[in-house]
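# Observations on the three-dimensional arrangement
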Amino acid sequence: MTYELKEVPQIGWPDASSGLLYRPQQTLPAQHRPGCRPELYRELDKQSFGSDMGEGPMAEIRRFYLLPGDSSVVDFLNSNNGIHQVLLDSIPQLKKYFGAAVRCSLESRCDESGDRTLYAVVRWPGPFHAVRDALAKFDDEWWLLYPWRGGGHLIFTYELE
């Protein structure tokens, strides 16, 4: 008698008692999706995110975050499905750790290898040590608890004003 062993991927779900409401959406590049029809995914993304980026989640993002005059951030959000939900989830957390009057901006930057990263930048008018401590608490108590948030494409940082 022989037995066939199959390797099955394991999923490490967070403990339900953690109160985690956000379940990350993992999006594979089109060429890695089995039976992929990229035009179908683009259409679904438009339906869920808003084709003109002025409705739905983007409207809420624009209410809280300052966006640059160019389309770099909107283009980034269009090509990285799921990041908009992380940004929306971060708003109450940013207010909690940096204060209700916190001002934030979004910037899309390209590194030397051509990879794009989205930076959520807290604009801080106060002393350096206060923002450094607030960011450390934000990281330790929310952002770094679930390291897959943002898929490595989103960084929270600060800039002194």
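Before reading on, note that the structure itself is shown above.
A brief report on the enclosed structure follows.

About the thresholds
Residues numbered from 1 in each chain as written. Predicted model: local features only at pLDDT ≥ 70, side-chain atom pairs only at ≥ 80, totals over all residues. Heavy atoms only, no water. Core = buried A, V, L, I, M, F, W, Y, C linked by side-chain atoms within 4.5 Å. Buried < 20%, exposed > 50% of the residue type's maximum accessible area, 1.4 Å probe, protein only. Helix = DSSP H or I, 4+ residues; strand = E, 2+ residues; numbered from the N terminus. Contact = heavy atoms within 4.5 Å. Axes fitted to C-alpha atoms, helices over the stretch in contact; angles between N-to-C directions. Left-handed = near helix turned anticlockwise from the far one by under 90°. Nonpolar A, V, L, I, M, F, W, Y, C, P; charged D, E, K, R; others polar. Phe/Tyr/Trp six-rings, centres within 6.5 Å; stacked < 30°, edge-to-face > 60°. Lys NZ or Arg CZ within 6 Å of the ring centre and 35° of its normal.

## Remarks on the nonpolar core
- One finds Tyr65 and Phe98 to be the most contacted residues of the largest nonpolar core, which totals 31 residues.
- The biggest single contributor to this core is helix α4 (residues 83-98), with eight residues.
- If near-sequence neighbours (up to four positions away) are discounted, Phe98 is found in contact with Val122, Trp124, Val131, Ala134, Leu135 and Phe138.

## Focus: the packing of helix α2 (residues 57-64) against α4
- Where α2 meets α4, the axes come as close as 10 Å, and the angle between the chain directions of the two elements is 35°. Relative to α4, α2 is oriented so that their crossing is left-handed. Along its contact with α2, which presents Pro57, Glu60, Ile61 and Phe64, the element α4 presents His84, Leu87, Leu88, Ile91, Leu94 and Lys95.
- Looking at the contact of α2 with α4, its residues break down into seven nonpolar, one polar and two charged.

## Re the packing of aromatic side chains
- Following the criterion strictly, the structure yields 10 aromatic pairs and no others.
- Consider the rings of Phe64 and Tyr65, whose centres lie 4.9 Å apart with planes at 85°: the pair is edge-to-face. Tyr65 matches Phe64 in its accessibility class, with the two residues each being buried.
- Chaining the aromatic ring pairs together yields one cluster made of Tyr97, Phe98, Trp124, Phe138, Trp142, Trp143 and Phe156.
- Here the guanidinium or amino end of Arg109 rests over the ring plane of Tyr119, the centre of that ring lying 4.2 Å away.
- One cation-aromatic arrangement involves Arg149 over Trp142; the distance from NZ or CZ to the ring centre is 4.0 Å.

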